[in-house]
Each structure stands twice: as C-alpha cells, then as structure tokens.
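What follows is each chain in one-letter form.
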Amino acid sequence: MIPEDAFREAIANVLVYRDWSIPASIKVEIYDQYIEISSPGSLPKGLSKEEYISGQISILRNEKIGSLFNRLGLIEKFATGIKRIKHLYQGKIRQPIFEVYPNSIMIRLPIMTDQIQGLSESASVLLQRMPINKELSRLEIEKITGFDKYESLRALDHLMEENLVRKVGQGRATKYIKL
C-alpha cells in the first residue's frame, strides 16, 4: 500500500546522498500507517532544506554511487527523486514527509489511502477544504468550513493527532498547514 517506486526512490536517495563518514546506520522502520527511512548526516554544504525538499538542485556527496545507481537504472537523473515521490502521492490524503535535522534526514512514506478511518465528520470536512501547504489561521479555517471556534479547534486537534495538519507559530500568529 506504499508505492514501490516511492520506496525505491527513498532508499536510493539515502544511499546516494548520505554522509558515509558518519559511522551510523540507515534506519528503515515499518509502522502500521507509514514507513520511515532515516539517513545519518546533514545536507551537503550549499544545499538548503527548501532546495532539498523541492528537488531544485542536487549536490552529490557520493558521485560513484550516484553514477552506479544511474547506470543500473535505479535512479534516472539527479534531483528528481523527491519530486517523483511527491508525484506518486498526488491527490492522496496522507502525503510523504521530509524532515531535515542537524545530524540526519528523514523520509516518511505513508500508506496510500483516499480516506482516513476514524476521523470525525468535522475533521473530514476541514481536511477536504484545506489547501495543501498553505498556512491558514483559525479564523480563515472558520470561514472556509462554517465551524465555530470550538468545533474548528476540535477538528484541528484531531487532524494534528493523525499527522495530517501541523501547527505553526504561537498565540495570535498561530497558523495551521495541511501536510
């Protein structure tokens, strides 16, 4: 229920781009709702988190491995893997998550589904009406759903528990973003 090509891309990505000078292992963890792949090391110098996540440029750390993977047909060309993974999940409720930490990079590939079991009706409505990757305030959410403050907050809490929405900021500057 996870696209095979997305899994292959994620594994190839961590092997080609990982920092092999760090004596830690790549981790592949399998959960009920997703597979999480973690690679030791930070991004190569000169590559920002935004450029990595959007697949804008590629800075190979391991040119020999990259070239070998390319010749074997395991990767097509450099800097397209993240875009390809995102494309494979296009239109699905759960989207892949890419996290960059100071000492590791994590890719979470969720089980593909068009609906989530156990979501409240309010949470389902909110999820359908929220645009992907656009930060919205609670007031903006109330406008697009017609919910009052408390129904909006309950729905948002439910969606955050399911890792479908993330809270950004605090106080009056709090926004919510659909993942």
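Definitions and cut-offs
Residues numbered from 1 in each chain as written. Predicted model: local features only at pLDDT ≥ 70, side-chain atom pairs only at ≥ 80, totals over all residues. Heavy atoms only, no water. Pairing = 2+ DSSP bridges. Helix = DSSP H or I, 4+ residues; strand = E, 2+ residues; numbered from the N terminus. Salt bridge = Lys/Arg side-chain N within 4 Å of Asp/Glu carboxyl O. Contact = heavy atoms within 4.5 Å. Polar contact = N/O pair within 3.5 Å; in protein donor to acceptor, adjacent residues only side chain to side chain. Axes fitted to C-alpha atoms, helices over the stretch in contact; angles between N-to-C directions.

1. Points about the pairing of strand β5 (residues 165-168)
The pairing of β5 with strand β6 (residues 175-178) spans four bridges and is antiparallel. Bridged to Val165 within β6 is Lys178. Once β5 ends, the chain turns through six residues before running back antiparallel as β6, passing Gly169 with a positive phi of about 85 degrees.

2. Description of the pattern of salt bridges
Tallying each qualifying case throughout the model produces seven salt bridges. Here Asp5 ties to Arg8 by a salt bridge, and the two come within 3.8 Å at their closest N and O atoms. Taken as a pair, Asp5 and Arg8 lie in helix α1 (residues 4-17) at a separation of three residues, close to a single helical turn. One salt-bridge network, held together by shared partners, links Asp5, Arg8, Glu9 and Arg84.

3. Observations regarding the environment of Arg108
Within the fold, Arg108 resides in strand β4 (residues 104-110). Taking the C-alpha atoms as reference points, Arg108 and Tyr176, separated by 68 residues in sequence, lie 20 Å from one another. Discounting residues that sit within four places of it in the chain, Arg108 has contacts with Tyr34, Ile35, Glu36, Pro96, Ile97 and Asn163. Separated by 2.6 Å, the side chains of Arg108 and Glu36 make a polar contact.

4. Some remarks on the sheet that holds strand β3 (residues 97-100)
As a general point, the strands of a sheet are linked pairwise by backbone hydrogen bonds and lie either parallel or antiparallel. Read from one edge of the open sheet, four strands run β1-β2-β4-β3, paired in antiparallel fashion. A single partner strand is all that each edge strand has here, and the edge strands are β1 (27-30) and β3. On average, each strand axis in the sheet is tilted by 15 degrees relative to the strand beside it, whichever way the strands run. In the sheet, β1 pairs with strand β2 (residues 34-40) via four bridges, with the strands oriented antiparallel. When the bridges of β2 are listed, Lys27 appears paired with Ser38. Contacts from α1 reach β1, β2 and β4 within the one sheet, and its direction differs from that of β2 by about 15 degrees.

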